[in-house]
Amino acid sequence: MRPVTINPETLLAPHLRALQGYTPIVPPSVLAQRLGHPQEQIIKLDANENLYGPPPAVRQALADALPVNIYPDPDQTAFRAAVGRYLGMAASHIIGGAGADEVIDLVVRAFVALGDAVIDLPPTFGMYRWQADVAGARYVPVPRRADFSVDVAAVERAVRSTPNAKLLFIANPNNPDGSLLADEDLKRLLALPIMVVLDEAYIDFSAHPGHARWVLEHENLIVLRTFSKLAGLAGLRVGYGVFPEKLVPHLWKIKQPYTPNVAGEAAAIAALSDPAYLRDVVARIVAERERMRQLLMQIPGFYVFPSQANFVLCRVADSVRVNGGDPSWHPARRIKAALEQHGVLVRYFDKEGLRDCIRVSVGLPEHTDALMRALEVILR
Ligand SMILES: Cc1ncc(COP(=O)(O)O)c(C=O)c1O
């Protein structure tokens, strides 16, 4: 008998066949090789990482003998207790994951069946759309205004006119511009018949204390946080969600059991043991963000959006002349390419509403100085 032959692609879930993959950030080692720069000379301002790194206690926790041959505690008992103390909330509201990204995946799997709708507010963090696509959701964008503020009335109309609208994602502060949603607007959105997923990955760099405790009053609110930005643990992948208590048992049922891993959990707990370090780094990053914004604003043709996060978004006018990059490209794209040649990495998005923009993460003062020196050469 001849073996059955089948094209395995025909067996893929139909909604996944034409899916656009997520575009992740390239690591410095790969970029260094591509650009021919030594890795230690690369200035990485493209992924909103925390270039100060974690508190010293984290290095100690990772150096100590971790039980790496034993599975992590699936109940995350120590992790959730530490996060609960940090937030001033019961651990029963908290579920950790491999980054806020995994918690986004968990929430989408919990709420979205094939054909349900996810409401997104682009331009924003691309993970929401990608996860919605992976789940086979109907993607309903409600574009932000030109200043990136949320058109609350338009969101209200979209939620009310979309059958089976399950999730509304809001990055607060928003990535890539750093704007914050006003509390009155959030209250209006929480009055809608939808789960509001408020992603506070960058909230520590804003003047707002955050909305984690709002889940005690609002049963349709989920707040996401991460150790990647505040605590400098992006490489270890630790984040968490703060949930209304009645949802938590449903989420546990479908969560992958062993994330965060033992190293991530130990590092996160150690990071929370040194709040003075975290506060000091936040203050430095906020001060540097304002200095960088002032410097970039002095460049003719640059407009820098006010930001409450650890990055700034610059809109570059058509009139700006750039040495380097493909002459047919918009100046923003040329600047990104030319900066790369100087070993300075920034983010350029090839997306509607962002094509004339670059996003620059806030590093240490010397990183800003290197960026400004490179820009001076490129724009001369
Ligand atoms: C708005 C937003 N949420 C979440 C994340 C991802 O966080 P994590 O590293 O915890 O997965 C990012 C990363 O850039 C982000 O910009």
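Structure first, text after, so check above.
Residues numbered from 1 in each chain as written. Predicted model: local features only at pLDDT ≥ 70, side-chain atom pairs only at ≥ 80, totals over all residues. Heavy atoms only, no water.

Caption draft 1: Structural detail: the packing of helix α11 (residues 275-297) against helix α13 (residues 365-378). For the pair α11 and α13, the least separation of the axes is 10 Å and the interaxial angle reads 10°. On the basis of the axis angle, α11 is roughly parallel to α13. Counting all contacts with α11, which are made through Glu288, Arg291, Met292, Leu295 and Leu296, the residues of α13 involved are Pro365, Thr368, Asp369, Leu371, Met372 and Leu375. Considered class by class, the residues forming the contact of α11 with α13 number seven nonpolar, one polar and three charged. (Axes fitted to C-alpha atoms, helices over the stretch in contact; angles between N-to-C directions. Helix = DSSP H or I, 4+ residues; strand = E, 2+ residues; numbered from the N terminus. Parallel < 35°, antiparallel > 145°, perpendicular 65-115°, else oblique. Contact = heavy atoms within 4.5 Å. Nonpolar A, V, L, I, M, F, W, Y, C, P; charged D, E, K, R; others polar.)

Caption draft 2: Region of the structure containing the sheet that holds strand β13 (residues 357-361). Spatially, β9-β10-β13-β12 is the arrangement adopted by the four strands of the open sheet, whose pairing is antiparallel. Edge positions in the sheet fall to β9 (302-304) and β12 (347-348), since each has one partner strand and no second. As paired strands, β9 and strand β10 (residues 311-316) are joined by three bridges and run antiparallel to one another. Across the sheet, valine 304 pairs through a bridge with cysteine 314, a residue of β10. (Pairing = 2+ DSSP bridges.)

Caption draft 3: Fine view of the sheet that holds strand β2 (residues 94-97). The seven strands are arranged β2-β8-β7-β6-β5-β3-β4 in an open sheet whose pairing can be described as mixed. Every interior strand has two partners, whereas the edge strands, β2 and β4 (138-141), have only one. The mean inter-strand angle of the sheet, taken between neighbouring strand axes irrespective of direction, is 20°. Alignment of strand β5 (residues 165-171) against strand β6 (residues 195-199), held across five bridges, turns out to be parallel. Counted as the bridge partner of alanine 171 is aspartate 199 from β6. Against the sheet, helix α8 (residues 183-190) touches β5, β6 and β7 (221-226), its axis set at about 150° to β6.

Caption draft 4: Focus on α13. The terminal C-alpha atoms of α13 lie 20 Å apart, and with 14 residues this matches the ideal 20 Å at 1.5 Å per residue to within 8%. In this structure, the buried side of α13 is in contact with β1 (43-44), α11, α12 (331-341), β11 (344-345) and β13. (Expected span 1.5 Å × (residues − 1).)

In short, the description is geometric, and any link to function would need to be established separately.
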